[in-house]
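# Residue-level structure breakdown
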Amino acid sequence: MQKRPKGWETARDDPNHIGELLVTIDGKQYAAQDIVSCEIERNLLENTAEVGNATAAVLTLEINQGETIQKRAKVVVQYRLMLDDARTDYIPKGTYWINTREKDGRYLKLTCYDAMLMAQQDYLGDVTADDWPQQETACVTEIAQRIGVEIDPRTQIGTGDNHQVSMPVGRTMREVLEQIAAANGGNWCITPAGKLASPGGQAAAGAFCGHRRRTACRKRCAGLRGRAGHYRGTGGA
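Because the structure is predicted, anything quoted here is derived from the model rather than measured.

Quick look at the packing of helix H2 (residues 136–147) against helix H3 (residues 173–183) now. The N-to-C vectors of H2 and H3 enclose an angle of 140°; their axes lie 10 Å apart at closest approach. With respect to H3, the axis of H2 lies oblique. Remark: the crossing between H2 and H3 carries left-handed chirality. Here Glu136, Cys139, Val140, Ile143, Arg146 and Ile147 of H2 come into contact with H3, specifically with Met173, Val176, Leu177, Ile180 and Ala183. Looking at the contact of H2 with H3, its residues break down into nine nonpolar, no polar and two charged.

Take the packing of aromatic side chains next. The final tally for this structure, using the stated rule, is one aromatic pair. Here the basic side chain of Lys28 rests over the ring of Tyr30, its NZ or CZ set 5.4 Å away from the ring centre. The positively charged end of Arg146 is found above the aromatic ring belonging to Tyr123, 5.5 Å away from the centroid.

Attention now goes to the state of the cysteines. Here is the idea: a disulfide is a covalent bond, and it sits between the sulfur atoms of two cysteines. Evaluated as defined, the whole model comprises zero disulfides. Residue Cys38 stays outside any disulfide, its sulfur separated by 9.1 Å from that of Cys112, the closest cysteine. Judged by its relative accessible area of 1%, Cys38 is buried.

On to the nonpolar core. Grouped together as the largest cluster of nonpolar side chains are 26 residues, with contacts concentrated most on Ile25, Leu59, Leu61 and Val75. When contributions to this core are tallied by element, the ones reaching two or more residues are helix H1 (8–12), strand E1 (18–25), strand E3 (35–41), strand E4 (58–64), strand E5 (74–83), strand E7 (91–104) and strand E8 (107–113). By residue number, the principal contributor to this core is E5, which donates five residues. If near-sequence neighbours (up to four positions away) are discounted, Val75 is found in contact with Val23, Thr24, Ile25, Leu59, Leu61, Gly94, Thr95, Tyr96, Ile98 and Cys112. With 22 residues, the next largest nonpolar core counts Ala56, Ala119, Tyr123 and Ile190 among its residues.

Before going further, it helps to examine the environment of Gln134. Secondary-structure assignment places Gln134 in strand E9 (residues 134–135). A sequence separation of 29 residues divides Gln134 from His163, and the C-alpha atoms of the two residues are 8.6 Å apart.

It is worth spelling out the environment of Lys93 at this point. Its place among the elements puts Lys93 in strand E7. Looking at Lys93, the relative accessible area reads 2%, which means it is buried. For the pair Lys93 and Gly194, spaced 101 residues apart in sequence, the C-alpha separation works out to 8.6 Å.

With that settled, consider the pairing of E3. Regular strands have side chains that alternate between both faces of the sheet. When you tally the buried positions in E3, you get five out of seven residues, the bulk of the element. The pairing of E3 with E4 spans six bridges and is classified as antiparallel. Among the inter-strand pairings, Glu41 is bridged to a residue of E4, identified as Val58.

Among the seven residues of E4, five are classified as buried, and the element is accordingly described as predominantly covered. Note that E4 and E8 share seven bridges and pair antiparallel. Of the residues in E8, the one forming a bridge with Leu59 is Cys112.

On to empty space enclosed by the protein, then. A complete count under the given rule lists two cavities of 30 Å³ or more for this structure. Arg42, Ala57, Gly94, Thr95, Tyr96, Asp114, Ile190, Thr191 and Gly194 together form the lining of the second largest cavity. Here the lining of the second largest cavity takes three residues from E7, the largest share from any one element. Split by residue class, the lining of the second largest cavity holds three nonpolar, four polar and two charged.

We now examine the sheet that holds strand E10 (residues 150–151). The strand order E10-E13-E12 describes an open sheet built from three strands, whose pairing is mixed. Single-partner strands in this sheet number two, and they are E10 and strand E12 (189–190).

The next subject is the environment of Leu177. Mapped onto the elements of the fold, Leu177 is located in helix H3. A relative accessible area of 0% means that Leu177 is categorised as buried. It is 10.0 Å that separates the C-alpha atoms of Leu177 and Cys189, two residues lying 12 residues apart in sequence. Among all residues touching Leu177, those that are not within four sequence positions of it are Ala54, Met116, Val140, Ile143, Trp188 and Leu196.

The rules behind the values
- Residues numbered from 1 in each chain as written.
- Predicted model: local features only at pLDDT ≥ 70, side-chain atom pairs only at ≥ 80, totals over all residues.
- Heavy atoms only, no water.
- Axes fitted to C-alpha atoms, helices over the stretch in contact; angles between N-to-C directions.
- Helix = DSSP H or I, 4+ residues; strand = E, 2+ residues; numbered from the N terminus.
- Parallel < 35°, antiparallel > 145°, perpendicular 65-115°, else oblique.
- Left-handed = near helix turned anticlockwise from the far one by under 90°.
- Contact = heavy atoms within 4.5 Å.
- Nonpolar A, V, L, I, M, F, W, Y, C, P; charged D, E, K, R; others polar.
- Phe/Tyr/Trp six-rings, centres within 6.5 Å; stacked < 30°, edge-to-face > 60°.
- Lys NZ or Arg CZ within 6 Å of the ring centre and 35° of its normal.
- Disulfide = S-S within 2.5 Å.
- Buried < 20%, exposed > 50% of the residue type's maximum accessible area, 1.4 Å probe, protein only.
- Core = buried A, V, L, I, M, F, W, Y, C linked by side-chain atoms within 4.5 Å.
- Pairing = 2+ DSSP bridges.
- 1 Å grid on protein atoms, 1.4 Å probe; cavity = no way out; pocket = protein on both sides within 12 Å on 5 of 7 lines; lining within 4 Å.
- Points joined across faces, edges and corners; volume = space filled by probe spheres on them.

Shown next as structure tokens:
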């Protein structure tokens, strides 16, 4: 669960509040007037009874394109609440990289994935040590470093003989994460704050605004530009 900024709960619980997105692509900011729609899917949360997954979040973003945007560009999503003249600080809603671009007149539709997609690379490489088997904790630490993220401090991984990984010949880093997730009864995701976590789903759950029910989002967040402005997953603020 993310720490909410000052005034968040007050604004969220007032029916007159509105939400505002800020998207930064390769350093250029796109505010509400530039954003046509924005949706983040975290399929890992659809069925938390399953374990052994390492799922990438998908950002689908449609904007008014003012200048050329490169493929593989970095996309940072932030969100805040506004009530009358008061505005909360922004909270992070994920960092993504563009995978596909579709031009439609003056609009540009982007499909982006978070850092989990980088774990599709082969685990074994020139920089990988050859002393196997290794502890699961060591493998997770190496994978996090290689995909450029920190490990969420809430993540718990077992140790000892029952929590070792044999030499992963022909396997990707993501497949190794899936093995470790299954051994620990959990799933892996990249949190909105950009950390590798296996928290049973809750670290990534929830709507942009933190409403606990979709009906509340529809009633109170009508000011959010875009028909699909919230996560499909569920979870509390």
